[in-house]
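As a plain string of letters, each chain reads:
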Amino acid sequence: MTVQPETLAANGPIPTAPRRPQSRTLHGVTLTDAYAWLRADNWREVMRDPSVLDGDIRTYLEDENAYCDAYFAPHDALKTALVAEMRGRIKEDDSGVPLPDGPFAYFSRHRTGGQHPLACRRPLRDDGSLGEEVILLDGDKEAEGKAYFRLGGVQHSPDHARLAFSADEAGSELFTLRIRDVATAENLGDVIIDTTGDILWGTDNATLYYIRRDAEHRPSLVYRHLIGTDPATDALVYQEPDKGFFVSLGQTQSKAFGLIACGDHETSEVYLLDLADPQARPRLVNARSVGLRYDVEHHPGPDGTGLLILLTNADGAEDFKIVTATVNDPVKANWRDLVPHRTGRMILSQTAYRDHLVRLEREDGLPRIVLHRWSDGDEHPIAFAEEAYSLGLDGAYEFAPKALRFTYASMTTPSEVWAYEVESRERTLLKRQEVPSGHAPAAYVTRRLFATAPDGETVPVSLLYRADTPLDGSAPCLLYGYGAYGMSMPASFSTTRLSLVDRGFVYAIAHIRGGTEKGWHWYTDGKLKKKTNTFSDFIAAAEHLVKEGFTKPEGIVAHGGSAGGMLMGAIANMRPDLFKGIIAEVPFVDVLTTMLDDTLPLTPPEWPEWGNPILDAEAFATIRGYSPVDNVTAQAYPALFALAGLTDPRVTYWEPAKWVASLREKNTGTDPVLLRTNMEAGHGGAAGRFDRLEEVALSYIFALKSVGREG
């Protein structure tokens, strides 16, 4: 790499990636990529061992890191203060609420100063009280001596005698699976590599199902392992033939069946595994049909023959409905409506317990839980009155729990875990998130606004700010957005964002198209040919916040990650004048090049989301029209901070690297463009709970500095 010696910033020479143009022609269009060399030919090996990265690429990334470090160096005191604040809001010895499963109650906790969770259990006495804690797995101990460590699945066997667990030690989402004898606290000799971390026990306590990633890093191979045998001899149970489909493992709440779920972003297919049969073969529920989505629950039924309960979009149920079918003949022709479709009420998930079917749904942008009694079909909801909040099902190990659990939070209310006694409808607070340094909800305000998009749609925007924040346009604003894959952004509580809000920021979440906050159509209106709605919705939200006096254009910092990082790249190209700073974490910004490379892990499964530009000239033109790297132009860009992970299999490190190189080449402005690559982590950044605060602090310093409030 080279450095511009004549161009010195206050923090040192600005790194400049050399141009090494490569060209190709598709659909009659010649594409030239000056920075294609940043993509390591041996990227698969780099995922496992970062030390094998090409020397030129490593030098460039390290020079960018040095430049970024120099930018932040004068603000070490602020960084220390921010980390201390955020850490002070974390209960270091926090513990989850123990969840009963037969003779034990299982939970996880952290120790004071610990970075990683501890998996624990306590004996459950006859009177309902709990015995002494036993630590089944110590995440801090497992992480000792490792540059990166993240626990994946942790599952106890049905007889409670063994613990299966997985861990990623490179950030590349290649998990190693191990099995521990609970009585001796010793690991068995079984070691299975390159898994997804999914774990499914058979009821014989000796059989494990897991998923291996294939040579292209895709989760496509389901294996069965018999404890004590060589993993090399494990039986292949299922192999996904379509490289556009990913595979995951699950289990019905009844524990009768394992679930092999296959799918992409618009189509699904599920197979049943009889967990009582150690030689079980997958049994298809309903063959895949493009556009048909379904997931599966199970109930033994009144006669014991068994019902499957399916959440599906079949028969035009855009916002989903719930149907039933017999276990013996579950094909679509036999599906019968249980909870009919209702436009505008989106059913998000379902769990089938012995006495009730519990579903989570959202209407008018707000979630609620609805309980359906099997015996007579009676239904009643659990809902709340705040203007914006998040609600979730907390799950259970048992098929007939004494009480259901759910979680509740808002942007001002710390997370709460509640027990709900179904028949009496009594709610019992089991735990409220503790903020050791103190938190006064009344000192903050949460609001829900609606911005008008260019096509007339109304875009929900959730706000958090201090009650004493002036609403005269003088306050800075951090505006967060995602808008992809049908994922909704909850208006939940976050202790970290208080560090910005306490410094006078308005914190806003734009619930833009591409998510499902307003139903499934909100998702489909933000994908494929309609993807640009996502970007215009975000811009409309920013403009509305200015119009309503919450902030001003020179006070807005935009923030997004992954697909939300693509949003950041798009709005930087479209409206650089509207934003003072942009924070893009692991940003998916080289969209066209990535969607043209079907050897990358996520490309074929992503075509239903973005389009297939290899075969479809219209999709090629659409993606080329907004792909951030392909649309960098000679204009003044706002300050920009991009974060990447060297071993990230989802958004490869070279995407933000190429983007920053392009911006450096064409930017006519003087605001800084920064790239920081975590050389020892992947998509999620640092895995330790305190290490992650260091990265958050840098983003907040950047935001504060961008709007002149770093003092």
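Remember, it's a predicted structure, so these values are computed and weren't measured experimentally.

The rules behind these values
- Residues numbered from 1 in each chain as written.
- Predicted model: local features only at pLDDT ≥ 70, side-chain atom pairs only at ≥ 80, totals over all residues.
- Heavy atoms only, no water.
- Helix = DSSP H or I, 4+ residues; strand = E, 2+ residues; numbered from the N terminus.
- Buried < 20%, exposed > 50% of the residue type's maximum accessible area, 1.4 Å probe, protein only.
- Contact = heavy atoms within 4.5 Å.
- Pairing = 2+ DSSP bridges.
- Axes fitted to C-alpha atoms, helices over the stretch in contact; angles between N-to-C directions.
- Salt bridge = Lys/Arg side-chain N within 4 Å of Asp/Glu carboxyl O.
- 1 Å grid on protein atoms, 1.4 Å probe; cavity = no way out; pocket = protein on both sides within 12 Å on 5 of 7 lines; lining within 4 Å.
- Points joined across faces, edges and corners; volume = space filled by probe spheres on them.
- Nonpolar A, V, L, I, M, F, W, Y, C, P; charged D, E, K, R; others polar.

1. A word on the overall build of the chain
Reasoning step 1: Helix and strand content of the chain: 13 helices and 40 strands.
Reasoning step 2: Overall, the chain is about 80 × 55 × 50 Å in size when its C-alpha atoms are taken along their principal axes.
Reasoning step 3: Within the span of the chain, comprising 711 residues, buried residues form 57% of the whole.
Reasoning step 4: Here the analysis covers contacts within the chain between residues at least 6 apart in sequence; of these, 56% occur between residues at least 24 apart.

2. Description of unusual backbone geometry
Reasoning step 1: The phi dihedral of His217 falls on the positive side, at around 70°, and the residue is not glycine.
Reasoning step 2: For His217, the location among the structural elements is in the loop between strand S14 (207–213) and strand S15 (219–226).
Reasoning step 3: Take His217: its relative accessible area is 7%, and that puts it in the buried class.
Reasoning step 4: The residue Leu528 is not glycine, and still its phi comes out positive at about 50°.
Reasoning step 5: Position of Leu528 among the secondary structure elements: in the loop between helix H6 (520–524) and helix H7 (532–547).
Reasoning step 6: Classification of Leu528 as partly exposed rests on a relative accessible area of 31%.

3. A closer look at the pairing of strand S19 (residues 268–274)
Reasoning step 1: Extensive coverage of S19 is indicated by the burial of six of its seven residues.
Reasoning step 2: Relative to S19, strand S18 (residues 257–263) runs antiparallel, the two sharing seven bridges. Bridging across to S19, Leu259 finds its partner in Leu272.
Reasoning step 3: Taken together, S18 and the strand that follows it, S19, pair antiparallel across an intervening segment of four residues.
Reasoning step 4: Examined bridge by bridge, S19 and strand S20 (residues 283–284) share two bridges and lie antiparallel to one another.

4. Comments concerning the sheet that holds strand S33 (residues 444–452)
Reasoning step 1: Pairing is mixed across the open sheet formed by eight strands, whose spatial order is S33-S34-S36-S35-S37-S38-S39-S40. A single partner strand is all that each edge strand has here, and the edge strands are S33 and strand S40 (673–678). Here the strands of the sheet are splayed against their neighbours by 20° on average, with no regard to which way each runs.
Reasoning step 2: Note: strand S35 (residues 477–481) against strand S36 (residues 506–510), five bridges, orientation parallel. Bridge pairing links Cys477 to Val506 in S36.
Reasoning step 3: Those strands touched by helix H2 (residues 55–72) are strand S39 (639–645) and S40, and its axis lies near 115° from that of S40.
Reasoning step 4: Its contacts with the sheet put helix H8 (residues 563–574) on S35, strand S37 (556–561) and strand S38 (581–585), and the angle it makes with S37 is roughly 140°.

5. Some remarks on the pattern of salt bridges
Between side chains of opposite charge, a pair can form when the charged atoms approach closely.
Reasoning step 1: Within the structure shown, the criterion is met by 53 salt bridges.
Reasoning step 2: Between Glu618 and Lys529 there is a salt bridge, with the nearest N and O atoms lying 3.8 Å from each other. Within this pair, whereas Glu618 is found in helix H11 (residues 617–626), its partner Lys529 is found in the loop between H6 and H7, the two being separated by 89 residues in sequence.
Reasoning step 3: Relative accessible area serves as the criterion here: at 45%, Glu618 is assigned to the partly exposed category.
Reasoning step 4: Members of the salt-bridge network, linked through shared partners, are Arg342, Arg345, Arg359, Glu361, Glu363, Arg368 and Glu379.

6. Overview of empty space enclosed by the protein
Reasoning step 1: One pass over the structure, following the stated rule, counts two cavities of 30 Å³ or more.
Reasoning step 2: In this structure, the largest cavity encloses a volume near 40 Å³.
Reasoning step 3: The wall of the largest cavity is formed by Thr594, Leu600, Pro601, Leu602, Thr603, Pro649, Arg650, Thr652 and Glu655.
Reasoning step 4: Taken together, the residues of the lining of the largest cavity sort by class into four nonpolar, three polar and two charged.
Reasoning step 5: If you add up the space inside the second largest cavity, you get close to 30 Å³.
Reasoning step 6: In terms of lining residues, the second largest cavity is bounded by Val358, Ile369, Ile382, Leu393, Leu404, Arg405, Phe406 and Tyr420.

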